[in-house]
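# Inside the fold
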Amino acid sequence: MNNQTALMYAIGLIVLITIALMAVILGPVEINYLNKLSANDQLVEDYILWQVRLPRILFAIALGASLGLAGALTQGLFRNPLADPGLLGVNSGAAAAAAGAIVFSGSLAWAIPEDLRVWVLPVAAFCGALGICFLLDRLARWLTPGSVMGLLLTGIAINALVAAFIGLSTYLANDEQLRNLSFWTMGSLAGANWMVLSLMMFVLTVAFLCSQRLTLQINALSLGEAVASQVGINLKQLRQRIIVMVAILSACAVAWCGMIGFISLIAPHIARAIAGPDHRQVLPLSMLLGGLLLLLADTLARTVAIPAEIPVGIFTALLGAPFFLSLLAKQRRVLM
């Protein structure tokens, strides 16, 4: 790790901690233990701090780190800074399953215990994402075996197919279902709690440890498939491992929070600009930047329109769309 990268890690951690402290204090109920409070007010603040804000803040960091890691792995696989897990159809698969759960599960609600109904949407989204991942891998192996570009084109085709199902679900939804579907597709971290945070942290830790074992192979792949094959890398196995990690990370994120875009695109690109092409540095730095960006977006979503809460996907889009356009402009200058 060079001095510039170490400095950026330090600056990123300081900024992350600063935003986290601000997120603890800010909100419809301000947390300030310096003021003298009655016993009832103290209990309310303690509950808000430990059961609402801290889980949500830590979950935003873990979720952003997951999206950043998924984006870095996707860009490493496709050797393209414009690549995003959404191109594989994982996010769309989760959205389609969630749309089906919102619109078509009403008739089955009586058969589901009331305590378990809160799990229907995230479980459906998770299953939809993994199902699309399995379908993508099978189709890509059958249609274009061994081709990364074929994998990308298959993902685009699946995206179009899944979008048709989402459109059908939207058309058949009633007013309440349509509203729920709209809010879910815009993303929210309001459902964060300690249990969900624990699950997300477990998935993120396992994925990060697995990805660290692949960094040298991804570095070789960045030189081209031919070079990677010549140095003894099993491209088929590498591709499958990366797809599974990206699918699980994206599925967990989409299942609990809905559609949150651009974090997986922005964080790896900034990390690569700072640390260079070495994925041993790009992957952890992408996680740090992803957590920072999503925490910033979620803090703005909670505090800009108090007491209302704006969907966090709106703020990630506001951050990401100009960045994406700047990337396209840079690619155009390179090609000209």
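Residues numbered from 1 in each chain as written. Predicted model: local features only at pLDDT ≥ 70, side-chain atom pairs only at ≥ 80, totals over all residues. Heavy atoms only, no water.

## Details of the overall build of the protein
The helix and strand inventory of the protein stands at 13 helices and 0 strands. Each helix and strand of the protein, ordered N terminal to C terminal, gives the series α-α-α-α-α-α-α-α-α-α-α-α-α. The buried share among the 336 residues of the protein stands at 46%. Taking contacts inside the protein between residues at least 6 apart in sequence as the whole, the part at least 24 apart equals 79%. (Helix = DSSP H or I, 4+ residues; strand = E, 2+ residues; numbered from the N terminus. Buried < 20%, exposed > 50% of the residue type's maximum accessible area, 1.4 Å probe, protein only. Contact = heavy atoms within 4.5 Å.)

## Points about the nonpolar core
Membership of the largest hydrophobic core comes to 93 residues, with the highest contact counts inside it found for F59, L63 and I260. Ranked by the residues each element gives to this core, the list is headed by helix α2 (residues 39-78), at 15 residues. Excluding residues that lie within four positions of it along the chain, L63 makes contacts with L189, M200, A253, C257, I260 and L294. (Core = buried A, V, L, I, M, F, W, Y, C linked by side-chain atoms within 4.5 Å.)

## Looking at the pattern of salt bridges
Counted according to the given criterion, the structure contains 3 salt bridges. With its nearest N and O atoms 2.8 Å apart, the salt bridge here joins D298 to R56. Of this pair, D298 sits in helix α12 (residues 279-303) while R56 sits in helix α2, and the two are 242 residues apart along the sequence. For the salt bridge of R280 with D278, the shortest nitrogen-to-oxygen distance reads 2.9 Å. Judged by relative accessible area, R280 falls into the partly exposed class, the value being 44%. In the salt-bridge network here, residues are joined through shared partners; they are R56, D298 and E309. (Salt bridge = Lys/Arg side-chain N within 4 Å of Asp/Glu carboxyl O.)

## Description of the side chain of S250
Mapped onto the elements of the fold, S250 is located in helix α10 (residues 235-257). Not counting residues within four places of it along the chain, the set of residues in contact with S250 comprises A70, P85, V90 and N91.

## Points about helix α4 (residues 120-143)
An ideal rise of 1.5 Å per residue puts 34 Å on 24 residues; α4 measures up with 34 Å between its terminal C-alpha atoms. Every buried residue of α4 is listed here: P122, A124, A125, G128, A129, I132, C133, L136, D137 and A140. (Expected span 1.5 Å × (residues − 1).)

## Overview of the packing of helix α11 (residues 263-275) against α12
Remark: α11 packs on α12, axes separated minimally by 8 Å, with the N-to-C direction vectors making an angle of 130°. When the interaxial angle is binned, α11 and α12 end up oblique. Here the hand of the crossing between α11 and α12 comes out right-handed. Along its contact with α11, which presents I263, I266, A267, P268, I270, A271, R272, I274 and A275, the element α12 presents H279, Q281, V282, L285, S286, L289, G290, L293 and L294. (Axes fitted to C-alpha atoms, helices over the stretch in contact; angles between N-to-C directions. Parallel < 35°, antiparallel > 145°, perpendicular 65-115°, else oblique. Left-handed = near helix turned anticlockwise from the far one by under 90°.)

## So, a nonpolar patch on the surface
On the surface, F104, F165, L168, Y171 and L172 cluster together to form a nonpolar patch covering roughly 530 Å² of accessible area. The greatest single-element share of the nonpolar patch, amounting to 4 residues, is contributed by helix α5 (residues 148-172). Following the sequence through the fold, Y171 ends up in helix α5. (Patch = residues over 30% accessible without salt bridge, like charges linked within 9 Å, V, L, I, M, F, W, Y side chains within 5 Å. Areas by Shrake-Rupley, 256 points an atom, 1.4 Å probe, with all protein chains shown as cover.)

## Observations concerning the environment of G128
Mapped onto the elements of the fold, G128 is located in helix α4. We classify G128 as buried; its relative accessible area is 14%. Remark: the alpha-carbon pair of G128 and A255, spanning 127 residues in sequence, is separated by 9.1 Å. Not counting residues up to four positions away in its chain, the partners in contact with G128 are G93, A94 and A97.

The values are spatial; any link to function lies outside them.
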